[in-house]
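Take a look at the letters that make up each chain.
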Amino acid sequence: MSKTSLDKSKIKFLLLEGIHPSASEVLRSAGYTQIETSPKALPPEELKAKIADVHFLGIRSASQLTADVFEQASRLVAVGCFCIGTNQVDLNAAREKGVAVFNAPYSNTRSVAELVLAEAILLLRGVPEKNALAHRGGWLKSAAGSYEIRGKTLGIVGYGSIGTQLSVLAEALGMQVAFFDVVTKLPLGNARQVHSLHELLAQSDIVSLHVPETAATQWMIGAAEVAAMKPGAILINASRGTVVEIEPLAEALKQKKLLGAAIDVFPVEPRSNKDEFQSPLRGLDNVILTPHIGGSTMEAQANIGLEVAEKLVKYSDNGTSTSSVNFPEVALPAHPGKHRLLHIHRNVPGVLSAINRIFSDNHINIASQYLQTNEKIGYVVTDIDAASSDLALEKLAQVEGTLRSRVLF
Ligand SMILES: NC(=O)C1=CN([C@@H]2O[C@H](COP(=O)(O)OP(=O)(O)OC[C@H]3O[C@@H](n4cnc5c(N)ncnc54)[C@H](O)[C@@H]3O)[C@@H](O)[C@H]2O)C=CC1
Ligand SMILES: O=C(O)CCC(=O)C(=O)O
């Protein structure tokens, strides 16, 4: 047996951040037994020490997979982000190591959209303040500053999976929906696209953010944008903490320029439930603060567990990389009776011919071969007879530009 192909009992999975047990069930039923789980994210040094010994890593949004961490990950084959966002992973560093990264792009969209709508209703009715007061023995029975959601304008920033779900639900409640997106999108229902962020801010009673964390979305809501919102409007952020500058928001809430806000994500978030949450928004009764739980429902987490674990199993068992966020996507058939060689390399001219020269020079018959590239890397999968796989794997590892190679059987 080849030294670089492990039997399943030796393949180690580390699942962090309380990933739903549905993931471990999928892995166990696929024959994997070494599954370590932890309810929290690991601090950088601990993560670096652990990752050295792991083949598959599962995380959510709190683990930071930096280039430094990937430096230590000599055995790592793939990362599963059991969430939508992949901004916590240095995808280039992963690619340089030949590590495929997967996520769950749709499983928690509904959960986020439902939370946002619920928050919008509660904020329009002043429930957070009335609730806080009642807990302190007060009684504020008044209609002043309380409004129905019907007829209000919802401004959605980022009209993707979550933004569109929210749009449909909001219209069902009688809202007017406008959205701003860098891409021209087909509006659902009666929603309409506007052409600039400031145009959206100026006309929305509620602004809800649903963009990914990128250089362009960093601090996209700062003092000027808060000032551009309608007096008495509401801001909801369940996207990423780096999208909103907290200080000007806190100031506008204290001055009652804004009616309220609901914030689920923060520039700095505690790593675990035991760490203290610190924010200038603490103590403001017109703000709903939630601990990054937009996607945290039993339904979403169970579905994400299944979805991502299945992707990891497919990649481990037969090399299929469909829906990877940083890898060429290859959907592969089974390979009964053959050994399957997986070769990940820099996408430079000449690698495929160097690979195929190895097969022809050594009289190795190719049963089937698949190639897919993206701008940075190439992924070649070759099925051959078992007898030649040790020799072929050894030679493939020497091809210039090789990032990683392994064999499956
Ligand atoms: N709070 C939570 O628990 C959760 C938060 N999220 C966050 O929500 C984000 C959005 O999720 P999806 O809707 O699934 O993503 P998506 O990728 O389907 O949609 C994002 C949309 O934002 C647009 N966009 C990108 N840059 C923009 C910019 N500079 N200005 C305006 N629009 C821009 C894109 O064109 C796209 O239409 C995720 O990236 C993640 O960070 C996702 C799930 C749960
Ligand atoms: O549930 C999590 O830990 C993260 C949810 C999230 O932000 C995402 O899916 O992008």
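No experiment lies behind these values; they were computed from the predicted model shown.

What counts, and at which threshold
- Residues numbered from 1 in each chain as written.
- Chains lettered and ligands numbered in written order.
- Predicted model: local features only at pLDDT ≥ 70, side-chain atom pairs only at ≥ 80, totals over all residues.
- Heavy atoms only, no water.
- Near = heavy atom within 4 Å.
- Polar contact = N/O pair within 3.5 Å; in protein donor to acceptor, adjacent residues only side chain to side chain.
- Areas by Shrake-Rupley, 256 points an atom, 1.4 Å probe, with all protein chains shown as cover.
- Nonpolar A, V, L, I, M, F, W, Y, C, P; charged D, E, K, R; others polar.
- Salt bridge = Lys/Arg side-chain N within 4 Å of Asp/Glu carboxyl O.
- Helix = DSSP H or I, 4+ residues; strand = E, 2+ residues; numbered from the N terminus.
- Buried < 20%, exposed > 50% of the residue type's maximum accessible area, 1.4 Å probe, protein only.
- UniProt positions renumbered as here; feature names shortened; annotations may be inferred.
- Pairing = 2+ DSSP bridges.
- Axes fitted to C-alpha atoms, helices over the stretch in contact; angles between N-to-C directions.
- Contact = heavy atoms within 4.5 Å.
- Right-handed = clockwise from strand over helix to strand, strands pointing away.

In the vicinity of ligand 1 lie 27 residues, with S161, I162, D181, K185 and D264 positioned nearest. Here an oxygen atom of ligand 1 and a side-chain polar atom of D181 are 2.6 Å apart. For ligand 1, an oxygen atom lies 3.3 Å from a polar atom in the backbone of G294. In the complex, the protein chains occlude 86% of the 870 Å² of accessible area that ligand 1 would expose alone. For the shell around ligand 1, the residue count by class is 13 nonpolar, 10 polar and four charged.

The next thing to look at is the pattern of salt bridges. Here the structure, examined in full by the defined rule, presents 16 salt bridges. Of the charged contacts, one joins K311 and E307 as a salt bridge, the two residues approaching to 3.3 Å between their closest N and O atoms. Of the two residues, K311 and E307 both sit in helix α11 (residues 298-318), four residues apart, roughly one turn of that helix. Of the two residues, K311 and E307, neither departs from the other in class, the shared state being buried. When the shortest N-O distance is used, the salt bridge between D383 and R340 registers 2.8 Å. Of the two residues, D383 is situated in strand β15 (residues 377-384) and R340 in strand β13 (residues 339-346); the sequence distance between them amounts to 43 residues. Here D383 falls in the buried class, since its relative accessible area comes to 3%. Of the residues examined, R340 reaches a relative accessible area of 0% and is grouped as buried. Salt bridges linked by common partners bring K12, D53 and R75 together as one network.

The sites that carry the UniProt feature "domain: ACT" (unreviewed entry) are, in the present numbering, residues 340-409. As annotated, residues 340-409 comprises 27% helix and 43% strand, and the C-alpha atoms at either end are separated by 6 Å.

Attention now goes to the sheet that holds strand β14 (residues 366-373). Across the sheet, four strands lie side by side as β14-β15-β13-β16; this open sheet has antiparallel pairing. Strands with a single pairing partner mark the edges of an open sheet, and in this sheet they are β14 and β16 (402-408). In this sheet, adjacent strand axes meet at a mean angle of 10° when their direction is disregarded. Note that β14 and β15 share seven bridges and pair antiparallel. Paired with I366 across the bridge in β15 is I384. Seen against the sheet, α11 touches β13, β15 and β16 and runs at an angle of roughly 80° to β16.

Glancing now at the side chain of S38. Turning to its location among the elements, S38 is positioned in the loop between β2 (34-37) and α2 (44-51). Exposure remark for S38: the relative accessible area of 16% places this residue in the buried category. Residues contacting S38, with those up to four places away along its chain left out, are L15, L16, E17 and G18.

Attention now moves to the pairing of strand β4 (residues 78-81). Along β4, one buried face is formed by A78 and G80 and the opposite face, lined by V79 and C81, is buried too. Bridge count for strand β3 (residues 56-59) against β4 is four bridges, and the pairing is parallel. Looking at the pairing, I59 lines up with C81 of β4. Two elements, β4 and strand β5 (residues 100-102), share three bridges in a ladder whose sense is parallel. Pairing of G80 across the sheet is with F102, part of β5. Following the chain from β4 across helix α4 (residues 91-96) to the adjacent parallel β5, one finds a crossover that is right-handed.

What follows concerns the site of ligand 2. For ligand 2, the full set of nearby residues is R60, S61, C83, I84, G85, N108, R240, H292 and Q301. G85 places a main-chain nitrogen or oxygen 2.7 Å from an oxygen atom of ligand 2. When ligand 2 sits alone it has 300 Å² of accessible area, and the protein chains cover 90% of it.

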